[in-house]
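# Coordinate analysis (summary)
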Amino acid sequence: MDQFTINLLFVGASFALYIGIAIWARAGSTSEFYAAGRGVHPVTNGMATAADWMSAASFISMAGLIAFTGYDNSTFLMGWTGGYVLLALLLAPYLRKFGKYTVSEFIGDRFYSQTARIVAVVCLIVASTTYVIGQMTGVGVAFGRFLEVDNTTGLLIGAAVVFAYAVFGGMKGVTYTQVAQYVVLIMAYTIPAIFISLQLTGNPIPALGLFGDHVASGEPLLAKLDAIVRELGFNEYTAHHSDTLNMVLFTLSLMIGTAGLPHVIMRFFTVPKVSDARWSAGWALVFIALLYLTAPAVGAMARLNISEMMWPNGGIDGGAVTVQQIEEDQRYDWMATWQKTGLLGWEDKNGDGAIQYYNDANADLQAIAAEKGWAGNELTNFNRDILVLANPEIANLPGWVIGLVAAGGLAAALSTAAGLLLAISSAVSHDLIKGSFNPGISEKGELMSARVAMAVAIVVATYLGLNPPGFAAQTVALAFGLAAASIFPALMMGIFSTKVNNSGAVAGMLAGLTVTLLYIFLHKGWFFIPDTNSFTDADPLLGTIKSTSFGAIGAMINFAVAYTVSGMTKPTPDHIRELVESVRVPRGAGAAQSK
Amino acid sequence: MAENSSKSAYWSANVRIIMISLVIWAIVSFGFGILLRPMLSGIAVGGTDLGFWFAQQGSIIVFLILIFNYAWRMNKLDREHGVDEE
């Protein structure tokens, strides 16, 4: 059986499973559509949250970004897990106690203002749509590879599948489907990692193998990797090279953003009790950590494998891989397969029949290149987003593992895209249309408008996904910055302060969102349209602060503006103070209601 | 009024646990993982140093402990102050 058939089989079987579950648990009433009737156990909910949360960014993109940068991209690991601490301690139990379906309902009620609710919906839609763009990038990579078509075609097919899939059911369908997706994606992520860890370090646990010894050389794996990349003129893997301030702000943005993303917060509305909401966040992080503790091992080991493949005879002195080897040796088949997607490329610039992979911006290597007659780095294109999907092929693992990884990558992208589309559609139909413009809308009409909103969101995201502002994880990081600057501060102040009032919250959210969005657009182009940017992240407007790191500053602006404006306007009325007091204690938490 | 004073005691106990947890949260990630890494560079861990381990694994493990510890303590605190869900 050829690889294409195997991939098709794995992807087809996993899809049949999800769709089967979605049909079995199809949502009926609006209450079930949004929150699955609140009958979800904390462990189940944690697993579904993990699937919802770990998207194309975590699965497809993150290890690639770590592989090619090393220590400096530890920010993704700390940022995307540390946010759960904020979520568990600062938000989840109180929002569950409050007992409404959506984040914007809380903001609307707590800040006793329809304007606050609408502003929250806008923030939510902006952050979620940006997030979906990142998912579409990942979907494009995954479908492109597995159908062996170019990236754009892959993206269009993927978008159609995501849409069909998300429209199928509500949260309940999604909850149990996402449990299945979690199982598929975690197997797909860890199995190849275990194989590779065994090959390189003899340790079956990748997280331990990362800090173990490299079998072939007897040296510690990371020391070996540092030596290889140093020889090729790249930054040492374990060393700190990036700007420290930016690194701290970026990590903080990802953490705060995690706790401000509506599709994750919504998850905590679906557990039966306040105490369960606390456990749920912990369980979610357990299931997330299984992938996140493996990811740095995947990155480091892949980097080692790739470097050794490009220099198969023991470093630079042994000579580079030849074009003939790439074309004929079956260990290099993955290069030809990925070349078809347009995401991997090489060119024998100096015509010596070999492909030299090195850092041609490094002065020492330039000297060596001049001596040896190299004409620059010849591995001209290596899209970071392909690393995880290509990894089992690079390590020469059996065909079924490759098929499994294809299914896992799609599960990751699909589950998150579906969760986000649900958050967007409920924001539009429930908060905007039913909550503001047409309170008398029928249940059927509400479900219909939810689906129309989904369709619009996916069209916009696909269109922008054709020219994404970065690799999947980088685009997703922008979404986190936006959520960090707008939603999280409003939620936190709503619970921990009785002083912040309606005007304060609205002004804070608007200030945080506007400033952050402006900073992103100035660096990434207006509405992410290429070449409309005035600055680049290599040379940012403010010191060393990149657009992906600005969310933390946006959040500080939000807090500052909200407190200042609240101090100058009418204090919060008594019934709102009572509401805050009641949100703070678990007793009396009933089933949620909807206005 | 007894109920109110218990509620405020409950809330300040909660805030105290949150503050301590967040200090640890910040120390392991921003501290050991980034800012204090040079100070920990003498402690070797598998081909690199302790700061690298905290940045790529250690902080995640500590986050897990923090969340479960918080859930356990708070559920106990709820019962002590009589504010748990019946």
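Residues numbered from 1 in each chain as written. Chains lettered and ligands numbered in written order. Predicted model: local features only at pLDDT ≥ 70, side-chain atom pairs only at ≥ 80, totals over all residues.

Looking only at helices and strands, chain A has 25 helices and four strands in total. Here the C-alpha atoms of chain A give a radius of gyration of 24 Å, agreeing with the 25 Å that 2.2 N^0.38 yields for 595 residues. In terms of overall dimensions, chain A has C-alpha extents of about 80 × 50 × 40 Å along its principal axes. Per-residue burial over chain A gives 61% buried out of 595 residues. Contacts in chain A between residues far apart in sequence, at least 24 positions, make up 81% of those at least 6 positions apart. (Helix = DSSP H or I, 4+ residues; strand = E, 2+ residues; numbered from the N terminus. Rg over C-alpha atoms; globule rule 2.2 N^0.38 Å. Buried ≥ 20, exposed ≤ 12 C-beta atoms within 10 Å, placed from the backbone. Contact = placed C-beta atoms within 7 Å.)

Quick look at the overall build of chain B now. Tallying secondary structure elements over chain B gives three helices and two strands in all. Traced from its N-terminal end to its C-terminal end, chain B shows the element sequence α-α-β-β-α. The C-alpha atoms of chain B give a radius of gyration of 18 Å, which is well past the 12 Å a tight globule of 86 residues would have. Overall, chain B is about 60 × 20 × 15 Å in size when its C-alpha atoms are taken along their principal axes. Across the 86 residues of chain B, 34% fall into the buried class.

Residues and elements named next belong to chain A. Even without glycine at this site, E148 takes up a positive phi of about 55°. With respect to the helices, strands and loops of the structure, E148 is situated in the loop between helix 7 (114–146) and helix 8 (151–168). Unusually for a residue other than glycine, F528 sits at a positive phi of about 65°. Within the secondary structure, F528 is located in the loop between helix 23 (502–524) and helix 24 (551–568). Assessed through the 21 C-beta atoms surrounding it within 10 Å, F528 is described here as buried.

This part takes up the packing of helix 23 of chain A against helix 24 of chain A. Residues and elements named next belong to chain A. It is the contact of helix 23 with helix 24, at a shortest axis distance of 7 Å, that shows an interaxial angle of 155°. When the interaxial angle is binned, helix 23 and helix 24 end up roughly antiparallel. Like other packed secondary-structure pairs, helix 23 and helix 24 cross with a definite hand, here right-handed. Touching S503, G504, A505, A507, G508, M509, A511, G512, V515 and T516 of helix 23 are G551, G554, A555, I557, N558, F559, V561, A562, Y563, V565 and S566, all from helix 24. Each residue belonging to the contact of helix 23 with helix 24 can be placed in one class, and the counts come to 12 nonpolar, nine polar and no charged. (Axes fitted to C-alpha atoms, helices over the stretch in contact; angles between N-to-C directions. Parallel < 35°, antiparallel > 145°, perpendicular 65-115°, else oblique. Left-handed = near helix turned anticlockwise from the far one by under 90°. Nonpolar A, V, L, I, M, F, W, Y, C, P; charged D, E, K, R; others polar.)

Another aspect to go through is helix 22 (residues 472–496) of chain A. Residues and elements named next belong to chain A. Spanning 25 residues, helix 22 covers 34 Å between terminal C-alpha atoms, matching the ideal 36 Å at 1.5 Å per step. At A484, helix 22 is bent by approximately 40°, the largest bend along its length. Helix 22 sits mainly inside the fold: 24 of its 25 residues count as buried. (Expected span 1.5 Å × (residues − 1). Bend = angle between axes of the 7 residues up to and from the residue.)

In this assembly, 37 residues from chain B lie in contact with 41 residues from chain A. When contributions to the side of chain B that touches chain A are tallied by element, the ones reaching two or more residues are helix 1 (2–35) and helix 3 (50–80) of chain B. By residue number, the principal contributor to the side of chain B that touches chain A is helix 3 of chain B, which donates 17 residues. Its residues assigned to classes, the side of chain B that touches chain A comprises 22 nonpolar, 10 polar and five charged.

A few words on helix 5 (residues 74–98) of chain A. All names here are of chain A. Relative to the 36 Å expected for 25 residues at 1.5 Å per residue, helix 5 spans 35 Å between its end C-alpha atoms, a close match to the ideal helical length. Here helix 5 lies mainly inside the structure; 24 of its 25 residues are buried. Count one or two residues on from helix 5 and you reach G99, which has phi positive near 75°.

Looking now at the environment of A455 of chain A. As for its position among the elements, A455 of chain A is in helix 21 (residues 443–465). Along the backbone, A455 of chain A and G376 of chain A are 79 residues apart, and their C-alpha atoms lie at a distance of 46 Å.

Counting residues in each nonpolar core, the largest one holds 228 residues, and the members touching the most others are A120 and L185 of chain A. Ignoring sequence-local partners within four residues, the contact set of L185 of chain A consists of A51, M54, F59, G408, A411 and A412 of chain A. (Core = buried A, V, L, I, M, F, W, Y, C linked by C-beta atoms within 7 Å.)

Time to look at the confidence of the model for chain B. Residue and element names in this part refer to chain B. Looking at chain B, pLDDT values average 89 and 93% of them are 70 or higher. By mean pLDDT, the top-scoring element of chain B is helix 3 (94), and the lowest-scoring one is strand 1 (residues 44–45) (85). Overall fold confidence for the complex sits at a pTM of 0.90, while the interface term, ipTM, reaches 0.94. (pLDDT = per-residue confidence, 0-100.)

So, on to the environment of G218 of chain A. Counting through the fold element by element, G218 of chain A comes out in the loop between helix 10 (206–209) and helix 11 (221–231). The spacing of G218 of chain A and L541 of chain A is 323 residues in sequence and 47 Å in space, taken between C-alpha atoms.

Moving on, we come to the confidence of the model for chain A. Mean pLDDT over chain A: 86, with 95% of residues reaching 70 or higher. Mean pLDDT per element in chain A: helix 2 (residues 30–35) of chain A is the minimum at 50, and helix 24 of chain A is the maximum at 96.

This paragraph deals with the packing of helix 5 of chain A against helix 3 of chain B. Look at helix 5 of chain A against helix 3 of chain B: their axes get within 9 Å of each other, and the N-to-C directions meet at 5°. Viewed along their axes, helix 5 of chain A and helix 3 of chain B adopt a mutual orientation that is roughly parallel. For the pair helix 5 of chain A and helix 3 of chain B, contact is made by S74, L77, M78, T81, G82, Y84, V85, A88 and L89 of chain A and by A55, Q56, S59, I60, F63, L66, I67 and Y70 of chain B, respectively. Along the lines of polarity and charge, the residues of the contact of helix 5 of chain A with helix 3 of chain B split into 12 nonpolar, five polar and no charged.

Mapped onto the fold, K273 of chain A is located in the loop between helix 13 (262–265) and helix 14 (274–292). Distance in space between the C-alpha atoms of K273 of chain A and G99 of chain A is 10.0 Å, their sequence separation being 174 residues.

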